[in-house]
Amino acid sequence: MRISLALALGTGQIVFLAGIKASESMALCATMAVLMQYFMMAAFCWMLAEGIYLYLLVVKVYNIRVKMHMYHVISWGLPLVVVAISLSIAAWKDGIESYTSDEYCWMSSSNGLIWMFVTFVGTIAVSNILILTRVIREMTSMQSTGDKQSRKIRLLSSLRLGIKASVVMVPLLGVTWLFGLLSPLHKAFTYTFTILNSTQGFLIFLLHCVRDSQIRERFKRKVNTFFQSASNHGKSTRKKSQVNLIYVRAVELHSYN
């Protein structure tokens with residue numbers, strides 16, 4: 001899931017940086033807009049998959065791995081269907097060139113196509129907020145079980161646990177994109193959206209890779225295996241060189257005799 005999310009999110013951001021202003025060519029501009037819409041929607045599908053995984057893991061205590069193929073089909077296939085519908089609507093209304101705006105290589109707001117993307121993103125963000133709320137409530141209820149003594153301590157502990165879970169899970173679930181939907185209302189939402197989402201990838205890497213004990217352990221094993229392999233290769237090379245040197249000396253001695 002994390003690999004697929006990183007792939008979709010990273011590719012979408014690269015396309016954005018490379019082609020958002022490639023408006024000199026209509027074909028290139030439309031291609032960039034299509035790729036951007038597809039990969040960003042795929043990223044949101046994987047964010048929803050992360051939310052569903054979290055819900056099943058914490059609330060239902062259910063292993064999602066047995067159905068991973070279904071999540072791959074939905075997360076990579078559904079955005080393709082939405083993009084095809086968007087292109088069909090643009091071609092049916094005013095031609096394919098109406099798919100993008102005049103200034104940027106992104107979905108046009110004049111014909112209402114942008115609302116397909118906004119609705120898609122908003123639905124997933126709200127769904128993940130509801131999932132996160134349910135998960136935090138489940139975690140805090142687990143924390144508060146026991147006798148009725150030290151209620152205040154347990155309450156503070158549950159509050160800290162909820163805040164920590166929110167901080168850790170918000171970048172992964174894409175909840176901060178709601179600030180982008182609110183950006184037309186005030187500039188503060190625009191600045192907040194830009195700051196939070198420009199660091200989304202870094203926060204996912206920091207909170208869900210660097211701080212993950214399983215990933216750190218596997219990384220150490222990979223590094224140790226690499227250096228051990230390199231060391232064995234070096235020993236094998238030195239041993240082979242010694243054998244070759246002995247052979248050469250034997251040949252020279254034989255020739256001398």
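Throughout this document, residue positions are counted from 1 along each chain, in the order its sequence is written. This being a predicted model, a pLDDT of at least 70 is required before a residue's local features are given, and a value of 80 or more before pairs of side-chain atoms are given or counted; all residues contribute to the totals for chains, interfaces and linings. Note that water and hydrogens are dropped before the side-chain values are worked out from all heavy atoms of the structure.

Student: If you had to explain the packing of aromatic side chains to someone new, which residues and values would you point to?
Tutor: Think of it this way: a Phe, Tyr or Trp ring, Trp meaning its six-membered ring, pairs with another when their centres are within 6.5 Å, and the plane angle makes it stacked under 30 degrees, edge-to-face over 60, tilted otherwise. Within this structure, the stated rule accounts for seven aromatic pairs. Ring geometry for W106 and F117: centres 5.1 Å apart, planes at 90 degrees, overall edge-to-face. Note that W106 is positioned in the loop between helix 3 (68-93) and helix 4 (114-143) and F117 in helix 4, a separation of 11 residues in sequence. Here a set of aromatic residues connected by ring pairs shows up, and it is made of F44, W177 and F193. Helix numbering and strand numbering both begin at the N terminus, where a helix is a DSSP run of H or I of at least 4 residues and a strand a DSSP run of E of at least 2.

Student: An account of the confidence of the model for the chain is requested, with residue identities and associated values reported.
Tutor: What pLDDT conveys is the predictor's confidence in a given residue, as a value from 0 to 100. For the chain, the average pLDDT comes to 81, and 79% of its residues sit at 70 or higher. Least confident of the elements in the chain is helix 9 (residues 213-256), whose mean pLDDT is 67; most confident is helix 1 (residues 2-19), at 91.

Student: Describe the environment of V126, listing the residues and the values that go with them.
Tutor: Mapped onto the fold, V126 is located in helix 4. Relative accessibility decides the category of a residue: with a 1.4 Å probe and only protein chains considered, values under 20% of the type maximum give buried, values over 50% give exposed, and everything between is partly exposed. Its relative accessible area of 41% is what places V126 among the partly exposed residues. A C-alpha to C-alpha distance of 9.7 Å links V126 and G174, two positions 48 residues apart in sequence.

Student: Pulling in residues and values, what's your account of the nonpolar core?
Tutor: In a soluble, globular protein the nonpolar side chains are often hidden away together inside. Take the buried residues of types Ala, Val, Leu, Ile, Met, Phe, Trp, Tyr and Cys, join any two whose side-chain atoms come within 4.5 Å, and each joined set is a nonpolar core. Ranked by internal contacts, the top residues of the largest apolar core, which has 52 residues, are L5, F44, M47, Y99, F120 and M169. If you list the elements that add at least two residues to this core, you get helix 1, helix 2 (26-58), helix 3, helix 4 and helix 5 (151-173). A per-element tally of this core places helix 2 first, with 19 residues. Not counting residues up to four positions away in its chain, the partners in contact with M169 are L54, L132 and H208. Any two residues having at least one pair of non-hydrogen atoms within 4.5 Å are treated as being in contact.

Student: Explain the state of the cysteines residue by residue, including any values.
Tutor: Pairs of cysteine sulfur atoms within 2.5 Å are what we label disulfides. For the structure on display, the rule yields one disulfide. Here C29 connects covalently by a disulfide to C105, the sulfurs 2.2 Å from one another. When the S-S torsion is -120 degrees, as for the bridge of C29 with C105, the disulfide is left-handed. Residue C29 is located in helix 2, and its partner C105 is located in the loop between helix 3 and helix 4; the two are separated by 76 residues in the primary sequence.

Student: Which residues make up the environment of I89, and what are the values?
Tutor: Residue position: I89 is located in helix 3. The exposure class assigned to I89 is partly exposed, which follows from its relative accessible area of 28%. Each C-alpha atom of the pair I89 and N111 lies 9.4 Å from the other, and the pair is 22 residues apart in sequence. Excluding its chain neighbours within four sequence positions, the residues that come into contact with I89 are L113 and M116.

Student: Before we move on, could you go through the pattern of salt bridges and cite the residues and values that matter?
Tutor: Any Lys or Arg side-chain nitrogen located within 4 Å of an Asp or Glu carboxyl oxygen qualifies as a salt bridge. On inspection of all chains with the given rule, the structure shows two salt bridges. Between E50 and R2 there is a salt bridge; the shortest N-O distance is 2.7 Å. In this pair, E50 is assigned in helix 2 and R2 in helix 1, connecting sequence segments 48 residues apart. Take R2: its relative accessible area is 33%, and that puts it in the partly exposed class. E138 is paired through a salt bridge with R134; the nearest N and O atoms lie 3.0 Å apart. With E138 and R134 both in helix 4 and four residues apart, this pair spans about one turn of that helix.

Student: Just give me the short version of the side chain of S75, but keep the residues and values in it.
Tutor: With respect to the helices and strands, S75 occurs in helix 3. We define a polar contact as two N or O atoms separated by no more than 3.5 Å, with the added condition that, inside protein, one atom must be a possible hydrogen donor and the other a possible acceptor, whereas residues neighbouring each other in sequence contribute only through side-chain atom pairs. Looking at S75, its side chain comes within polar contact range of the main-chain oxygen of Y71, at 2.9 Å. Apart from the residues within four sequence positions on either side, S75 is in contact with A42, C45, W46 and A49.

Student: Hey, could you go over the packing of helix 1 against helix 2 for me, with residue numbers and the actual values?
Tutor: The convention used is that axes are lines fitted to C-alpha atoms, helices contributing only their stretch in contact, and that angles between N-to-C directions extend from 0 to 180 degrees. Where helix 1 meets helix 2, the closest approach of the two axes is 8 Å, and the angle between their N-to-C directions is 155 degrees. With respect to each other, helix 1 and helix 2 are oriented roughly antiparallel. Crossing handedness for the pair helix 1 and helix 2: left-handed. Contacts from R2, S4, L5, A8, L9, T11, G12, Q13, V15, F16 and G19 in helix 1 reach M32, L35, M36, F39, M40, A42, A43, W46, M47 and E50 in helix 2. Residue polarity follows a fixed list, in which Ala, Val, Leu, Ile, Met, Phe, Trp, Tyr, Cys and Pro are nonpolar, Asp, Glu, Lys and Arg are charged, and the others, Gly among them, are polar. For the contact of helix 1 with helix 2, the per-class residue count stands at 14 nonpolar, five polar and two charged. When an angle is under 35 degrees it counts as roughly parallel; over 145 it counts as roughly antiparallel; between 65 and 115 it counts as roughly perpendicular; any other value is oblique. Each crossing gets its hand from how the near helix is turned against the far one by less than a right angle, where anticlockwise is left-handed and clockwise is right-handed.

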